[in-house]
Amino acid sequence: MMTTTKETPHIKPNGVEIAESILLPGDPLRGKFIAETFLEDYQCFNEVRGMLGYTGTYKGKKISVMGTGMGPASMGIYSWELINVFGVKNLIRIGTCGAMQENIELYDVIFGMGAATDSNYGHQFNLPGQYPLTASFELLEKAKKIADDKGQKVHIGNILSSEIFYNADQTANKKWQDVGILGVEMESVALYWNAIQARVNALCILTVSDHLITGAKTTPEERQTAFTKMMEIALELA
C-alpha cells in the first residue's frame, strides 16, 4: 500500500494512503466494523479525536472508510479535507435516517438524489440565488443497478439534511413531509456542497432506523442487519 506524508489538523494518516473512494458513516465505530468485517489487509489511517479511518481492499479494489461525526459542521470539515488535501474522488455517506413518508418502512434503503436543508452551510459561497444540492448521477445510477441486482428495495428522491435534531418548531416535520421529503438526516448538505464545489462525486445512502409518522424504531440488533445491506451496496459502488 502506498504511503502519504500529508496531514491536516483533523486527519493524520501516519503514512497510510487514503483511497480515492471512501465510505463515510457518521459513527466511527461503524467504520471500524466495516473495516473488520469487509476489508482485507486494512490499516488504520486516522485516530485523531477518535474519528477512526481505515484503508483496505474489497474484492481487490482499494477502499477507505472513516467516521464523520454528526451534523454539517463535522461532515464539512472531514469531507473538505478528504477532497482537497487527500484527493478523494468518490464520497459515499452511509447513515441512518428518520422516515417521513407513510410508504417507507423500517430497514428500507433511501438514496438521497437531492438534499433540502435548513442549514446555512451554503451561504459561504455567496451565490445570487438558491442552488439545488444533488448527488452525483454517476454514483446514483450505479447504486440503483447494484441494488436491483441484489433485489434490495430502495427509495430514490429528496431527503432533508437538517442541522437541528431537537427542533423547537413542532410543525417543521409536517411541512417537509407535505413536499415529499423521504427522510431526514444531518450530514448530506455539507457533503454535497463540498463535492459540488470540487467537482467530485458524492452520494448519500441511508437506512431507515425510525419512523417520524408511526413512531416505530429499530432495535440495535435489527439495525446491524439493516446496516449491513446498505454497507454492501456502498462497498460494491466504491
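For the structure itself, consult the block above.
Overview of the structure.

Thresholds, definitions, all that
Each chain carries its own residue numbering, running from 1 in the direction its sequence is written. Where totals are concerned, whole chains, interfaces and linings use all residues; where local detail is concerned, this predicted model gives features only for residues with pLDDT of at least 70, and gives and counts side-chain atom pairs only at 80 or more. To obtain the side-chain values, all non-hydrogen atoms of the structure were used and water was disregarded. To qualify as a helix, a DSSP run of H or I must reach at least 4 residues; to qualify as a strand, a run of E must reach at least 2; elements of each kind are numbered from the N terminus. Radius of gyration here is computed from C-alpha atoms only, and the compact-globule reference equals 2.2 Å multiplied by the residue count raised to the power 0.38. Throughout, exposure labels follow a simple rule: accessible area from a 1.4 Å probe, protein chains only, divided by the maximum for the residue type, with under 20% read as buried, over 50% as exposed, and the rest as partly exposed. Contacts are assigned to residue pairs with any non-hydrogen atoms lying within 4.5 Å of each other. Surface accessibility in these figures is a Shrake-Rupley result with a 1.4 Å probe; residues are shielded only by whichever protein chains are displayed. By the counting scheme adopted, Arg and Lys are positive, Glu and Asp are negative, and His together with the chain ends is not counted. Every charge is mapped to an atom, namely NZ of Lys, CZ of Arg, CG of Asp or CD of Glu. Pairs of N or O atoms within 3.5 Å make up the polar contacts considered here, provided that, within protein, one atom can donate a hydrogen while the other can accept it, and that residues adjacent in sequence are counted only when both atoms are side-chain atoms. Here, a salt bridge means any Lys or Arg side-chain nitrogen found within 4 Å of an Asp or Glu carboxyl oxygen.

1. Quick look at the overall build of the protein
Along its length, the protein carries six helices and nine strands. For the protein, the C-alpha radius of gyration of 17 Å lies close to 18 Å, the compact-globule estimate for 238 residues. Looking at the protein as a whole, 55% of its 238 residues qualify as buried. In the protein, once contacts between residues fewer than 6 apart in sequence are set aside, the share between residues at least 24 apart is 76%. With the model as given, the accessible surface of the protein reaches about 11400 Å², and the carbon-plus-sulfur share is 50%. For the protein, the separation between the mean place of its 21 positive charges and that of its 27 negative charges on side chains is 3 Å.

2. Some thoughts on the environment of A116
With respect to the element layout, A116 can be found in strand β6 (residues 109–117). Each C-alpha atom, one on A116 and one on S188, is 9.2 Å from the other, the two residues being 72 residues apart in sequence. If we ignore the near neighbours within four places in the chain, the residues touching A116 are I159, L160, S161, W176 and I181.

3. A word on unusual backbone geometry
If you check the backbone angles, R49 has positive phi at about 55° while not being a glycine. Residue placement: R49 occurs in the loop between β2 (40–46) and β3 (53–58).

4. Considering the side chain of S119
Tracing the backbone shows S119 in the loop between β6 and α3 (137–150). There is a polar contact of 3.5 Å between the side chain of S119 and the side chain of E163. With residues near it in sequence (within four places) discarded, S119 still touches P72, E163 and V189.

5. Quick notes on the pattern of salt bridges
Across all of its chains, the model carries eleven salt bridges by this definition. Linking K12 and E7 is a salt bridge whose minimum nitrogen-to-oxygen distance equals 3.2 Å. For E7, a relative accessible area of 49% corresponds to the partly exposed category. Taking the shortest distance from any N to any O, the salt bridge between E236 and K59 comes out at 2.5 Å. Here E236, found in helix α6 (residues 220–237), pairs with K59, found in the loop between β3 and β4 (61–66); they are 177 residues apart in sequence, far enough to count as distant. The network of salt bridges with shared partners includes R93, E185 and E187.

What is shown is where atoms sit, not what they do.
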